[in-house]
Amino acid sequence: MRPLRYSINVTLDGCCDHQAIPADEELHRHAVENLGRADALLFGRVTYEMMESAWRPEVPAGTRPDWTEPFARTINAARKYVVSSTLERVDWNAELVRGDLGAAVQQLKREPGEGIFVGGVRLPLALTELGLIDEYEFVVHPRLAGHGPTLFAGLSRHVDLKLVSREEFGSGAVAMRYEPRR
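In this convention, every chain numbers its residues from 1, walking through the sequence in written order. Thresholds applied to this predicted model are a pLDDT of at least 70 for local features of residues and 80 or more for the giving and counting of side-chain atom pairs; totals over whole chains, interfaces and linings are not thresholded and use all residues. Hydrogen atoms and water are omitted, and side-chain values are computed over all heavy atoms in the structure.

What follows deals with the overall build of the chain. A run of DSSP states H or I qualifies as a helix once it reaches four residues; a run of E qualifies as a strand once it reaches two. Both are numbered from the N-terminal end. A tally of regular secondary structure across the chain gives five helices and eight strands. The linear arrangement of helices and strands in the chain, starting from the amino end, is β-α-β-α-α-β-β-α-β-α-β-β-β. Taking 16 Å as the expected radius of gyration for a compact globule of 182 residues, we find that the chain reaches 16 Å, a close match to that expectation. Each principal axis of the C-alpha distribution contributes one length, and for the chain these read about 45 × 35 × 30 Å. Partly exposed describes any residue whose relative accessible area lies between the buried limit of under 20% and the exposed limit of over 50%, with all areas from a 1.4 Å probe on protein chains only and scaled to the type maximum. Residues classed as buried in the chain amount to 43% of the 182 residues present. Working rule for contacts: check all heavy atoms of both residues, and any pair within 4.5 Å makes them a contact. In the chain, the proportion of contacts linking residues at least 24 apart, taken out of those at least 6 apart, comes to 72%. The protein chains shown are the only cover counted for residues, whose accessible areas, like all others here, come from Shrake-Rupley with a 1.4 Å probe. In the structure as shown, the chain presents an accessible area of about 9,700 Å², 51% of it carried by carbon and sulfur atoms. Counted as positive: Lys and Arg. Counted as negative: Asp and Glu, with His and the chain ends omitted from the count. Charge positions are represented by NZ for Lys, CZ for Arg, CG for Asp and CD for Glu. Positive and negative charge centroids in the chain, built from 22 and 26 side chains respectively, lie 4 Å apart. Based on C-alpha atoms, the radius of gyration is set beside the globule rule, defined as 2.2 Å times the residue count to the power 0.38.

Contact geometry for helix 1 (residues 25-36) and helix 3 (residues 69-77): axes closest at 9 Å, N-to-C directions at 25 degrees. When the axis of helix 1 is compared with that of helix 3, the two are roughly parallel. Helix-helix and strand crossings are classified by hand; for helix 1 and helix 3 the assignment is left-handed. Along its contact with helix 1, which presents His28, Ala31, Val32 and Leu35, the element helix 3 presents Pro70, Phe71, Thr74 and Ile75. Following the grouping adopted for this structure description, the nonpolar residues are Ala, Val, Leu, Ile, Met, Phe, Trp, Tyr, Cys and Pro, the charged ones are Asp, Glu, Lys and Arg, and the polar ones are all others, Gly among them. Among the residues making up the contact of helix 1 with helix 3, the classes are represented as six nonpolar, two polar and no charged. Only C-alpha atoms enter the line fits that serve as axes; for helices the fit covers just the stretch in contact. Angles between N-to-C directions range over 0 to 180 degrees. Throughout this description, any angle smaller than 35 degrees is read as roughly parallel, any larger than 145 degrees as roughly antiparallel, any in the 65 to 115 degree range as roughly perpendicular, and the remainder as oblique. If you view the pair so one helix is near and one far, a crossing is left-handed when the near helix is turned anticlockwise from the far one by less than a right angle, and right-handed when it is turned clockwise.

We now examine the packing of aromatic side chains. What describes a pair of aromatic rings is the distance from one ring centre to the other and the angle between the planes of the rings. For this analysis, a ring pair means two rings from Phe, Tyr or Trp (six-membered ring only for Trp) whose centres lie within 6.5 Å, classed as stacked if their planes differ by under 30 degrees, edge-to-face if by over 60, and tilted for the remaining angles. Enumeration over the complete set of coordinates arrives at eight aromatic pairs. Both rings, one in Phe138 and one in Phe152, keep their centres 6.4 Å apart while their planes meet at 75 degrees; by these two values the pair is edge-to-face. Here Phe138 is found in strand 6 (residues 135-141), whereas its partner Phe152 is found in the loop between strand 6 and strand 7 (161-168), with 14 residues between them in sequence. Across the pair, Phe152 and Phe138 agree in class, each one buried. Grouping aromatic residues by their ring pairs yields a cluster made of Tyr6, Tyr136, Phe138, Phe152 and Tyr178.

Turning to the sheet that holds strand 4 (residues 94-97), a few remarks are in order. DSSP calls a pair of strands paired once it identifies at least 2 bridges connecting them. Pairing is mixed across the open sheet formed by eight strands, whose spatial order is 4-3-2-5-1-6-8-7. Pairing within the sheet leaves two strands with one partner each, and these edge strands are strand 4 and strand 7. Mean inter-strand twist for the sheet, computed between neighbouring axes without regard to direction, equals 25 degrees. Sheet topology places strand 1 (residues 4-11) next to strand 6; seven bridges connect them, and they run parallel. Of the residues in strand 6, the one forming a bridge with Tyr6 is Tyr136. Docked against the sheet, helix 5 (residues 122-129) engages strand 1, strand 2 (40-44), strand 3 (79-83), strand 5 (116-118) and strand 6, running at close to 105 degrees with respect to strand 2.

A few words now on helix 1. A helix is expected to reach a length of 1.5 Å times the quantity of its residues less one. With twelve residues, helix 1 should cover 16 Å at 1.5 Å per step; its first-to-last C-alpha distance of 17 Å lies within 8% of that length. Its side-chain oxygen placed 3.2 Å from the backbone nitrogen of Glu26, Asp24 serves as the N-cap of helix 1. Polar contacts here mean pairs of N or O atoms no more than 3.5 Å apart (in protein, one a potential hydrogen donor and the other a potential acceptor; neighbouring residues in sequence count only if both atoms are side-chain atoms).

Here we take up the pairing of strand 7. The pairing of strand 7 with strand 8 (residues 174-180) spans seven bridges and is classified as antiparallel. Paired with Glu167 across the two strands is Ala175, which belongs to strand 8. Between strand 7 and strand 8, which pair antiparallel in sequence order, lie five residues; one of them, Gly172, sits at a positive phi of approximately 100 degrees.

With that settled, consider the nonpolar core. Ranked by size, the top nonpolar core spans 27 residues in total, and within it Leu4, Tyr6, Leu42, Leu127, Phe138 and Leu151 carry the most contacts. Those residues in contact with Tyr6 that sit more than four places away from it in its chain are Val118, Gly119, Gly120, Val121, Pro124, Ile133, Glu135, Tyr136, Glu137, Leu151 and Phe152. By size, the runner-up hydrophobic cluster in this structure holds 17 residues, among which are Leu41, Phe43, Trp55 and Phe117. Nonpolar core, defined: a set of buried Ala, Val, Leu, Ile, Met, Phe, Trp, Tyr and Cys residues in which side-chain atoms within 4.5 Å join the residues together.

Dropping the structure here:
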């Protein structure tokens, strides 16, 4: 069964607004490595639309730093599944996921492969409630944002995690990977 892995950037005060978090070459390289550990990406509508608008369009040379190009190529090529009840169709190498979320994700996990990478805020909350996430990675940035959104707001129960790895970056950010204690 392929594992479902979640990774998100977050500030020290819990903000996971992508606009509040600085990006640099080292963190982009880490994100490419993460995506390389998966055969597919799983997004909710909001994250899918945000990522598509940021990374799908061809941009003229020099528009964004050269060090973002490996991430752009990787995410553009990735197989994507989009959980949405409001979108009528998707493209960008994507397929809609409808119906029972738990059953649909369990079916995706049963397919052969390296893993599935999930991003966003609301979808991972639902997947955590269902006990379907096999690995959590929090990339904690040395910044106080003073606003939200925050992670796992409204989670109905505690989820105990076991630290499995830790990586420090030159920026002072720390990536910590956890597995649920079962």
